[in-house]
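Architecture at a glance
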Amino acid sequence: MPFQPRLFEDPKGLDEPVATMSRANWGTFQDSLNAPIHSWFTYPAGFSFKAVEQALTFFSIKPGMVIYDPFAGTGTTNIVAKQQGIHSYGIEAHPFIHFIARTKLYWNFDLPNLRRQIDLLIQELRLTIRSAPETQIDLETIFPELVRKCYSPEKLRLLYLCRTTIEQLPPGPFQDFAKVGLTHLLRSAADVATGWPYIAPQKAKKASTNHSDIPQLLRNQLYRMLADIQLVCSESPQKAQAILINGDARQHQHEIASDSVDLAFTSPPYLNNYDYADRTRLEMYFWGQAKTWSDITNQVRDRLIMSATTQINRSDYPTDQLLSPDFIDVVPSVATQLEPKIRELSALRLTKGGKKSYDILVAGYFNDMLRVLQETHRVLKPGSSFVMILGDSAPYGVYIPTHIYLGEMAKVVGFSNYKVEHLRKRGDKWKDNPQRHKVPLQECILTLVMA
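An account of the accompanying structure is given in this report. Note that this is a predicted model, so its numbers are computed, not measured. (Residues numbered from 1 in each chain as written. Predicted model: local features only at pLDDT ≥ 70, side-chain atom pairs only at ≥ 80, totals over all residues. Heavy atoms only, no water.)

What follows covers the environment of Ser234. Considering the arrangement of structural elements, one finds Ser234 in helix α9 (residues 214-235). Relative accessible area serves as the criterion here: at 56%, Ser234 is assigned to the exposed category. A sequence separation of 151 residues divides Ser234 from Gln83, and the C-alpha atoms of the two residues are 9.8 Å apart. (Helix = DSSP H or I, 4+ residues; strand = E, 2+ residues; numbered from the N terminus. Buried < 20%, exposed > 50% of the residue type's maximum accessible area, 1.4 Å probe, protein only.)

Here we come to the layout of surface pockets. Looking at the second largest pocket, its volume works out to about 330 Å³. Taken together, 14 residues line the second largest pocket, and the ones lying closest to its centre are Lys82, Leu105, Trp107, Asn108 and Ala240. Those elements giving two or more residues to the lining of the second largest pocket turn out to be α9 and β5 (242-245). Here the lining of the second largest pocket is built from residues that sort into eight nonpolar, three polar and three charged. (1 Å grid on protein atoms, 1.4 Å probe; cavity = no way out; pocket = protein on both sides within 12 Å on 5 of 7 lines; lining within 4 Å. Points joined across faces, edges and corners; volume = space filled by probe spheres on them. Nonpolar A, V, L, I, M, F, W, Y, C, P; charged D, E, K, R; others polar.)

Turning to the nonpolar core, a few remarks are in order. One finds Phe265, Phe327, Leu338, Phe366, Leu373, Met409 and Leu448 to be the most contacted residues of the largest nonpolar core, which totals 73 residues. Here this core gets 12 residues from one element, more than from any other, and that element is helix α14 (residues 358-379). Once residues lying within four places of it in the same chain are set aside, the contact partners of Leu373 are Phe386, Met388, Leu406, Met409, Ala410, Val413, Phe415 and Leu448. Judged by nonpolar contacts, the second largest core, of 69 residues, contains Leu105, Leu114, Val147 and Val300. (Core = buried A, V, L, I, M, F, W, Y, C linked by side-chain atoms within 4.5 Å. Contact = heavy atoms within 4.5 Å.)

This next bit is on the packing of aromatic side chains. For the structure on display, the rule yields 17 aromatic pairs. For the ring pair Phe143 and Tyr160, a centre distance of 5.8 Å and an interplane angle of 90° mean the geometry is edge-to-face. Taken as a pair, Phe143 in the loop between α5 (139-142) and α6 (145-148) and Tyr160 in helix α7 (residues 153-167) lie far apart in primary sequence, 17 residues in all. By the burial criterion, Phe143 is buried, and Tyr160 matches it. Ring centres of Phe174 and Phe177 lie 6.2 Å apart, and the angle between their planes is 25°; on these two criteria the pair is classed as stacked. Taken together, the positions of Phe174 and Phe177, both in helix α8 (residues 173-188) and three residues apart, correspond to about one turn of that helix. Overall, the relative accessible area of 0% leaves Phe177 in the buried class. Within the aromatic cluster, the residues linked to one another by ring pairs are Trp40, Tyr106, Phe109, Phe174 and Phe177. (Phe/Tyr/Trp six-rings, centres within 6.5 Å; stacked < 30°, edge-to-face > 60°.)

What follows is about the sheet that holds strand β7 (residues 380-391). Strand order in the open sheet formed by seven strands is β5-β2-β1-β6-β7-β9-β8, with mixed pairing between adjacent strands. Of all strands in the sheet, those bounded by a partner on one side alone are β5 and β8 (415-426). Sheet twist, expressed as the average angle between the axes of neighbouring strands with direction ignored, equals 15°. Relative to strand β9 (residues 441-450), β7 runs antiparallel, the two sharing seven bridges. Residue pairing for β9: Met388 is matched across the bridge by Leu446. On top of the sheet, helix α15 (residues 402-413) reaches β7, β8 and β9; it is set at about 170° to β8, its chief contact. (Pairing = 2+ DSSP bridges. Axes fitted to C-alpha atoms, helices over the stretch in contact; angles between N-to-C directions.)

The subject of this paragraph is helix α13 (residues 332-348). One full turn of an α-helix is made of 3.6 residues, so residues set three or four places apart face in the same direction. Under the 1.5 Å per step criterion, the end-to-end length of α13 is 24 Å for 17 residues, consistent within 8% with the ideal 24 Å. By the largest-angle criterion, Leu338 marks the main kink of α13, which is about 30°, and a proline, Pro340, follows within four residues. Among all positions of α13, only Val334, Ala335, Leu338, Lys341, Ile342 and Leu345 are buried. Looking at the buried side of α13, the elements it contacts are α12 (325-330), α14 and α15. (Expected span 1.5 Å × (residues − 1). Bend = angle between axes of the 7 residues up to and from the residue.)

With that out of the way, let us pick up the side chain of Glu443. Here Glu443 shows up in strand β9. A distance of 2.5 Å separates a polar atom in the side chain of Glu443 from a polar atom in the side chain of Arg424. (Polar contact = N/O pair within 3.5 Å; in protein donor to acceptor, adjacent residues only side chain to side chain.)

This part covers the pattern of salt bridges. Applying the stated criterion to the full structure yields 15 salt bridges. Where Asp368 meets Arg250, a salt bridge forms, and the shortest distance between an N and an O atom there is 3.2 Å. Taken together, the positions of Asp368 in helix α14 and Arg250 in the loop between β5 and β6 (261-266) put the pair 118 residues apart, joining distant regions of the chain. The burial state of Asp368 is the same as that of Arg250; both residues are buried. One salt bridge in this structure joins Arg378 and Glu375, with 2.7 Å as the shortest N-O distance. Of the two residues, Arg378 and Glu375 are both situated in helix α14; the distance of three residues between them amounts to about one turn of the helix. (Salt bridge = Lys/Arg side-chain N within 4 Å of Asp/Glu carboxyl O.)

Two numbers describe how helix α4 (residues 111-131) lies on α9: the axes approach to 10 Å, and their chain directions differ by 170°. The orientation of α4 relative to α9 falls into the category roughly antiparallel. Facing α4, whose interface residues are Leu111, Leu114, Arg115, Ile118, Asp119, Leu121, Ile122, Leu125, Arg126 and Ile129, α9 presents Pro215, Gln216, Leu218, Arg219, Leu222, Tyr223, Leu226, Ile229 and Gln230. Grouping the amino acids of the contact of α4 with α9 by side-chain chemistry returns 13 nonpolar, two polar and four charged. (Parallel < 35°, antiparallel > 145°, perpendicular 65-115°, else oblique.)

Take a look at the structure:
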């Protein structure tokens, strides 16, 4: 039976089972690690492609219909939709992640020619490696310290030559394809731990890729990607349009008409202080798209909805009233529940060593998600649904039932009802950490229903 919070009356239908929608691993990327196209970029903030497949079946979404993902990430929803001949829109604010998703969604290659292009690229790369004098590559000038700590000098030299060879290709789909292929190798080829959520350059791997393997590894990866495209094209005879917008899900998207979408499906940022911008710091540093923490903030963090304290400069916020006037006016019932918790967090932070601004984080998250709900409601057809995979939160031990607050907000915005279904427990791996709160957390499916 779904988790039932002790605030608000249980929404109508909350106890009603949705058995065909229940999958414990929906909120993880595990299913996608070896799946064609999805596996091109490992994204720990992603979710299972099987979740999208089952949702399309459950809601009877057929070829020619339209699905929408306001937090598209690396394109999981859009890829599944395209495979099934379903048109889709996706919005992704993170520019590098948007690039990854856009590249994963381009399948219109002439496959024999793509094979030739891969062979020519590897041939050119091997020639470049043989002819490039080591003394002319100043790795210290080219790469920030974080990147240099992740690889031996010789391995980083080879990766850099791969990068420059790809950058010399004509701009277009093949250059993007090759760039994603090399990006796929960056973490697996590292000599140190580059797991999630943060890189640990002081921690060496037990085994790492020999530097002489890099050109062959790149060739193998590009051939795997070619095989993936061949497979999905052979299994997807019906053509579908996937429109991916590098934009903001909080804002009106003119590309998407009102009342035009048959289903919205997403996994929004969780309210768990996960820095989505930091997730791609290695990749953006490697490609020269950023060199400092400030660059990452300006290019990525400032574009994202509030979900991490690293996005917060406390002096920028009026701490006497963190919920926006619009939020208080539109959803006063939720504001009444949130305001005492925000005040509690404001007091608690002063007793903690990190003094993290969880009070601003919680208020900012719900301010932003209200606008996402309003825009998603605008684009959905009457009688359709908005499905979210999300988790609750307990910053400094103050419980925030995100799924219930969003459900109640949705009803005020114009959705007729909502359902919550439990997926799995969260936070168990931290249970022995004395600094960690002991509040049980969950991941769930929140389904908002249009009138």
